[in-house]
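Given next are the chains, with one letter for each unit.
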Amino acid sequence: MTKRVAAVLAALAVLAALVVFQTSGGDGSSPGVRLLRQADGSMVLADTSATAPVLDLYEDFDCPVCKDLHSRVDATMRRLAAEGKVKVVYHPITIFQDEPMRSNSIRAAAAARCVPEANWLAFRDELYGMQPAPHGEASGFTLEELVRAARQAGASVDQCVTSQTYAEDHLKQSARVRLEGTPTVVLDGRLLGDEAFDPKALETAITGGTGVTV
């Protein structure tokens with residue numbers, strides 16, 4: 001990771017920490033936890049009354065390593081957010097430039113922007129569950145598949161998905177994030193490595209091993 005990229009990530013993390021959280025929407029974890037969509041398409045999962053570290057996750061829905069990270073630590077991230085110990089900021093981006101991965105990624109991310117906050121995490125689960133394989137060869141995330149996935153997650157947003165309403169804005173937002181790859185996990189401006197893939201190590205990094213006051 002270059003110094004320039006690290007500096008950009010640190011700045012992004014600081015901006016995320018300064019977000020003023022609203023109280024509408026939610027993922028059902030607890031009364032104080034809300035999942036909120038920001039103007040750039042990122043999603044913030046946090047206890048609105050808590051002061052806690054900010055964990056920024058930059059992910060591409062067509063990225064196999066992102067899927068692996070999701071399977072390993074997603075439950076830990078959500079639990080810690082529900083406990084008020086971390087504020088998770090999900091940043092769906094398109095990192096791939098080659099086809100068919102690039103188009104796969106754009107379709108999925110644009111569809112995710114259509115899904116309401118209350119259904120977004122379930123839709124994200126659906127996306128990783130149906131990720132096109134083998135990577136680099138398979139076309140997938142078809143509009144029909146994405147519509148079905150959204151409905152499976154409880155959202156009827158057919159027209160928004162099929163029209164790819166948010167594809168252009170998603171690409172604009174992705175272009176502003178300069179990364180070497182996905183997933184990229186940043187904790188209060190500090191780039192995490194292998195510990196991001198291990199539930200216990202990630203929790204220790206977030207809480208310091210003894211928890212945090214919120």
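Structure first, text after, so check above.
Residues numbered from 1 in each chain as written. Predicted model: local features only at pLDDT ≥ 70, side-chain atom pairs only at ≥ 80, totals over all residues. Heavy atoms only, no water.

Section: the pattern of salt bridges
Worth spelling out the cut-off: Within this document, salt bridges are pairs made up of a side-chain nitrogen of Lys or Arg and a carboxyl oxygen of Asp or Glu, the two lying within 4 Å of each other. The buried label applies to any residue whose accessible area, calculated with a 1.4 Å probe on protein chains only, is under 20% of its type's maximum; exposed applies above 50%, and partly exposed to all values in between.
Throughout the structure, instances matching the rule amount to 12 salt bridges. In this structure, glutamate 83 and arginine 79 form a salt bridge, with 3.4 Å as the shortest nitrogen-oxygen distance. Classification of arginine 79 as partly exposed rests on a relative accessible area of 34%. We note a salt bridge from arginine 190 to glutamate 195, for which the minimum N-O separation is 3.6 Å. Look at the salt bridges and you will find they share partners, linking Glu59, Asp74, Arg78, Arg124 and Asp125 into a network.

Some remarks on the packing of helix α3 (residues 101–114) against helix α4 (residues 117–129)
This is how the line gets drawn: For helices, the axis comes from a line fit to the C-alpha atoms of the stretch in contact; other axes are also lines fit to C-alpha atoms, and the angle between any two N-to-C directions lies between 0 and 180 degrees. Only DSSP runs of H or I reaching four residues or more are called helices, and only runs of E reaching two or more are called strands; each is numbered from the N terminus. For classification purposes, angles smaller than 35 degrees are called roughly parallel, those larger than 145 roughly antiparallel, those between 65 and 115 roughly perpendicular, and all remaining angles oblique. Each crossing gets its hand from how the near helix is turned against the far one by less than a right angle, where anticlockwise is left-handed and clockwise is right-handed. Note on contacts: a residue pair is in contact if any heavy atoms of the two residues lie within 4.5 Å. Only Asp, Glu, Lys and Arg are considered charged in this grouping, and only Ala, Val, Leu, Ile, Met, Phe, Trp, Tyr, Cys and Pro are considered nonpolar; every other residue, Gly among them, is considered polar.
Contact geometry of α3 with α4 gives a least axis separation of 10 Å together with a crossing angle of 160°. The orientation of α3 with respect to α4, classified from their angle, is roughly antiparallel. The hand of the α3/α4 crossing is right-handed. Every residue of α4 that contacts α3 at Ala108, Ala111 and Ala112 is listed here: Trp120, Phe123 and Leu127. For the contact of α3 with α4, the residue count by class is six nonpolar, no polar and no charged.

A short note on the pairing of strand β5 (residues 184–187)
Cut-off, in case you're wondering: Paired strands, in this sense, are two strands between which DSSP finds at least two bridges.
Covered by surrounding structure in β5 are Thr184 and Val186 together with Val185 and Leu187, the residues of both alternating faces. Two strands pair when backbone bridges link them, and strand β3 (residues 54–59) and β5 are joined in this way by four bridges, in the antiparallel orientation. When the bridges of β5 are listed, tyrosine 58 appears paired with threonine 184. By the bridge criterion, two bridges tie β5 to strand β6 (residues 190–191) in an arrangement that is antiparallel. Within β6, the position partnered with valine 186 by the bridge is leucine 191. Linking β5 to β6, which pair antiparallel, is a turn of two residues; within it aspartate 188 sits at a positive phi near 50°.

Comments concerning the nonpolar core
Put simply, the test is: Residue types Ala, Val, Leu, Ile, Met, Phe, Trp, Tyr and Cys, when buried and joined through side-chain atoms within 4.5 Å, form a set referred to as a nonpolar core.
Membership of the largest hydrophobic core comes to 46 residues, with the highest contact counts inside it found for Phe61, Tyr90, Trp120 and Phe123. Beyond its immediate sequence surroundings of up to four residues, tyrosine 90 is in contact with Leu35, Ser42, Met43, Leu45, Leu57, Glu59, Asp74, Arg78, Trp120, Leu121 and Arg124. Core analysis: the second largest hydrophobic core is formed by five residues, Tyr58, Ile93, Val177 and Leu179 among them.

Concerning the pairing of strand β2 (residues 43–47)
In terms of burial, β2 is largely enclosed, as five of its five residues are buried. Where burial is concerned, the two faces of β2 agree: the one with Met43, Leu45 and Asp47 and the one with Val44 and Ala46 are both buried. In this structure, strand β1 (residues 33–37) lies alongside β2, joined through five bridges in antiparallel fashion. Bridge pairing links arginine 34 to alanine 46 in β2. Looking at chain direction, β2 and strand β4 (residues 87–92) are connected through three bridges and run antiparallel. Bridging from a neighbouring strand, leucine 45 pairs with valine 88 of β4.

In short, shape yes, function no, at least from these values alone.
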